[in-house]
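The lines below spell out each chain.
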Amino acid sequence: MLLQTATRTETPPSRFAWLMGMHAENHHRLDRMFAPQRLVPGVYVSSVGDRLDLVLQVLEHHPYTVDLSLSYLMTDEQTGLRQPGARIRMYRDARMAEVLSHCEDAPLQDLVSRLLPPRTVFDKRLRSSSFLNRWLEYLAEQGHSIGTLQRLPHVPSPAAPALA
């Protein structure tokens, strides 16, 4: 009797598939932790006793997306911007969350990104999504959730540098 063994070669996911998977996981984490699609636009602060208050700002609701920013309630002494911070777009229909920028100077990053080669832009998006994924995991471990959010009447955001 001849014994045959099938060798299966599984190809690793493409970099694009990896990025889309990261977007889906980030959406799942954000939805489970804060449910931003159910929050009215405004500024929310989450305090869990670690002296690093988290600021979730729901910027806009659209039929298929929710724009928000996530940062700590502390500013960088040199730039005056909240650090770390991320501007995020959640896609309701595709159930994905994409990092638009790492900090609140998005217009400057958008201009620079247009000048970069596509591979560099893709690598930047992959790093940004990975950063958000690890940060959300850390925030969940610290106890941040929709239950710790408190809506604030107004929290002034540090001014982003003007473009010339």
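What counts, and where the lines are drawn
Residues numbered from 1 in each chain as written. Predicted model: local features only at pLDDT ≥ 70, side-chain atom pairs only at ≥ 80, totals over all residues. Heavy atoms only, no water. Helix = DSSP H or I, 4+ residues; strand = E, 2+ residues; numbered from the N terminus. Contact = heavy atoms within 4.5 Å. Polar contact = N/O pair within 3.5 Å; in protein donor to acceptor, adjacent residues only side chain to side chain. Buried < 20%, exposed > 50% of the residue type's maximum accessible area, 1.4 Å probe, protein only. Core = buried A, V, L, I, M, F, W, Y, C linked by side-chain atoms within 4.5 Å. Pairing = 2+ DSSP bridges. Axes fitted to C-alpha atoms, helices over the stretch in contact; angles between N-to-C directions.

Attention now goes to the environment of tyrosine 91. Position of tyrosine 91 relative to the elements: it lies in strand β4 (residues 85-91). Look past the residues within four positions of tyrosine 91 in its chain and what remains in contact with it is His27, Tyr64, Thr65, Met96 and Glu98. One polar contact links tyrosine 91 to glutamate 98, side chain to side chain, over a distance of 2.9 Å.

The subject of this paragraph is the side chain of histidine 27. Inspection of the secondary structure assignment puts histidine 27 in helix α1 (residues 15-33). Assessed through its relative accessible area of 4%, histidine 27 is described here as buried. Ignoring any residue separated from it by four or fewer positions in sequence, one finds histidine 27 in contact with Met90, Tyr91, Arg95, Met96 and Ala97.

Our next topic: the nonpolar core. When a protein is soluble and globular, its nonpolar side chains tend to lie buried together. Within the largest apolar cluster, 22 residues are counted, with the highest numbers of intra-cluster contacts made by Leu56, Leu70, Ile88, Trp135 and Leu139. For this core, the secondary-structure elements that each account for two or more residues are α1, β2 (54-61), β3 (65-72), β4, β5 (96-101) and α3 (118-142).

Next up on the list: the side chain of serine 69. Among the secondary structure elements, serine 69 is positioned in strand β3. Beyond its immediate chain neighbours, meaning those up to four positions away, serine 69 contacts Val55, Leu56, Gln57, Leu59, Ala86 and Arg87.

Time to look at the sheet that holds strand β6 (residues 149-152). In spatial order, the strands read β5-β4-β3-β2-β1-β6; together these six strands make up an open sheet with antiparallel pairing. Across the chains shown, the open sheet's two edge strands, defined by having one partner strand only, are β5 and β6. Taking the axes of each pair of neighbouring strands and ignoring which way they run, one obtains an average angle of 30° across the sheet. In this structure, strand β1 (residues 42-46) lies alongside β6, joined through four bridges in antiparallel fashion. In the sheet register, serine 46 faces β6, and the bridge partner there is leucine 149. Running over the sheet, α1 touches β4 and β5 and is turned about 100° from β5.

What is shown is where atoms sit, not what they do.
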